Amino acid sequence: MASVLRTIRSSTRLSMRLRNYPQIRYRSFTTEHDNYVHFNCQNIRDFTFTMNDDDYCITSGQPWDGVTSSNNDAKDRGVIEVKAGRKGSKDVAKWFREQLDGGQSLGINSGGGSSSQPEKLNFAFKGTMSFTVGTNKYSADCVMGQGHYAFNNNWWIGGKAWSSTSVNWLAGAINTSSTGIHGSQIIICGYTFGAHADEWSLQVTTVK
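Residues numbered from 1 in each chain as written. Predicted model: local features only at pLDDT ≥ 70, side-chain atom pairs only at ≥ 80, totals over all residues. Heavy atoms only, no water.

Chemist: Would you mind going over the overall build of the chain with me for this structure?
Modeler: Helices and strands together make up the secondary structure of the chain, namely two helices and 13 strands. Accessible surface, the chain as shown: approximately 12,100 Å² in total, 48% of it carbon and sulfur. (Helix = DSSP H or I, 4+ residues; strand = E, 2+ residues; numbered from the N terminus. Areas by Shrake-Rupley, 256 points an atom, 1.4 Å probe, with all protein chains shown as cover.)

Structural data, given as structure tokens:
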């Protein structure tokens, strides 16, 4: 009987101690973030990115609040902002690869060249990137996505009409071409050595 009473008292004291500890609150992994990607190009103006409302894919359960674009004239850059959660999944990477439709893609500091493709992405979306350099207007259909490499959330870009290319001052690059009112237009998108994971460099050429 005494042994039973000691056990009851011990259990009561343990229960009281546990009640005095604060509740453990687990961090939510469904937080919406402001995700930015920049496109640097000398004298770039009127940068826009347009897309259909349903042309995106995001990891199940993560928030999505759309894509906006702007132009930072002072820094010669176009800016895309994506309000969305960050959680990588193979399903999003699969959707991204499907949008390439035989074309190529490139990830900033991804450890691979233009023949590489993402294994996991937080989100991806597709549409048309348009901008002006000088008096020439450029546009390109593309798919973009945010993944994760090393300690950074890095960005990917590509599309059906994109292919690999080489530029001396870029660590990796892909390009696409189209016919504009001033002639054949070539857009090169790549990243410099030591670039931040959200910094693309654009180079454009118009061949009349």
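Chemist: So what exactly am I meant to see when it comes to the side chain of Thr 176 here?
Modeler: When you line up the elements, Thr 176 lands in strand 11 (residues 172–180). The class of Thr 176 is buried, set by a relative accessible area of 8%. Ignoring sequence-local partners within four residues, the contact set of Thr 176 consists of Ala 140, Ala 161, Trp 162, Gln 185, Ile 186 and Ile 187. (Buried < 20%, exposed > 50% of the residue type's maximum accessible area, 1.4 Å probe, protein only. Contact = heavy atoms within 4.5 Å.)

Chemist: So what exactly am I meant to see when it comes to the state of the cysteines here?
Modeler: Two cysteines joined by a covalent bond between their sulfur atoms form a disulfide. Considering all chains together, one arrives at zero disulfides under this definition. For Cys 142, which is in no disulfide, the shortest distance to another cysteine sulfur is to Cys 189 and amounts to 8.0 Å. Its relative accessible area of 5% is what places Cys 142 among the buried residues. Cys 189 gets classed as buried once you look at its relative accessible area, which sits at 0%. (Disulfide = S-S within 2.5 Å.)

Chemist: What is the right way to look at unusual backbone geometry in this model?
Modeler: Leaving glycine out, the prevailing phi sign among residues is negative, and the prevailing peptide bond configuration is trans. A positive phi angle is found at Asn 43, which is not glycine, with a value near 65 degrees. Looking at where Asn 43 falls in the secondary structure, it is placed in the loop between strand 1 (33–40) and strand 2 (44–50). For Asn 43, a relative accessible area of 41% puts it in the partly exposed group.

Chemist: Quick question: what am I supposed to make of the nonpolar core here?
Modeler: Most often, soluble globular proteins have nonpolar side chains that are buried together. Core analysis: the biggest nonpolar cluster contains 33 residues, and Phe 39, Ile 80, Phe 125, Phe 131, Met 144 and Trp 200 have the highest contact counts within it. Within the residue set of this core, elements represented by two or more residues are strand 1, strand 2, strand 5 (77–84), strand 7 (123–133), strand 8 (136–146), strand 9 (155–159), strand 12 (183–191) and strand 13 (199–207). For this core, the element with the highest residue contribution is strand 7, accounting for five residues. (Core = buried A, V, L, I, M, F, W, Y, C linked by side-chain atoms within 4.5 Å.)

Chemist: What am I meant to see in the confidence of the model for the chain here?
Modeler: Reading predicted coordinates in detail is not appropriate for stretches of low pLDDT. Overall, the predicted model of the chain reaches an average pLDDT of 86, with 81% of residues at or above 70. In this model residues 4–28 is a low-confidence stretch, pLDDT under 50, and it forms zero contacts with partners more than four residues away in sequence or in other chains. (pLDDT = per-residue confidence, 0-100.)

Chemist: Honestly, the pattern of salt bridges in this entry has me stumped. Any pointers?
Modeler: Side chains that differ in sign of charge can pair as their charged atoms come close. Taken as a whole, this structure holds six salt bridges when the rule is applied. Among the salt bridges present, the one from Asp 34 reaches Lys 83, with a minimum N-O distance of 2.8 Å. Of this pair, Asp 34 sits in strand 1 while Lys 83 sits in strand 5, and the two are 49 residues apart along the sequence. Taken together, the shared-partner salt bridges connect Asp 34, Glu 81 and Lys 83 into one network. (Salt bridge = Lys/Arg side-chain N within 4 Å of Asp/Glu carboxyl O.)

Chemist: What should I look at first to understand the packing of aromatic side chains in this one?
Modeler: Aromatic ring pairs are defined here through the distance separating the ring centres and the angle between the ring planes. Per the counting criterion, the structure on display carries 11 aromatic pairs. Taking the centre distance of 6.4 Å and the plane angle of 20 degrees together, the rings of Phe 47 and Phe 131 count as stacked. Taken together, the residues Phe 47 in strand 2 and Phe 131 in strand 7 connect sequence positions 84 residues apart. One exposure class covers both Phe 47 and Phe 131, and it is buried. Put simply, the rings of Phe 49, Tyr 56, Trp 64, Phe 123, Phe 125 and Trp 155 pair up and form one aromatic cluster. (Phe/Tyr/Trp six-rings, centres within 6.5 Å; stacked < 30°, edge-to-face > 60°.)

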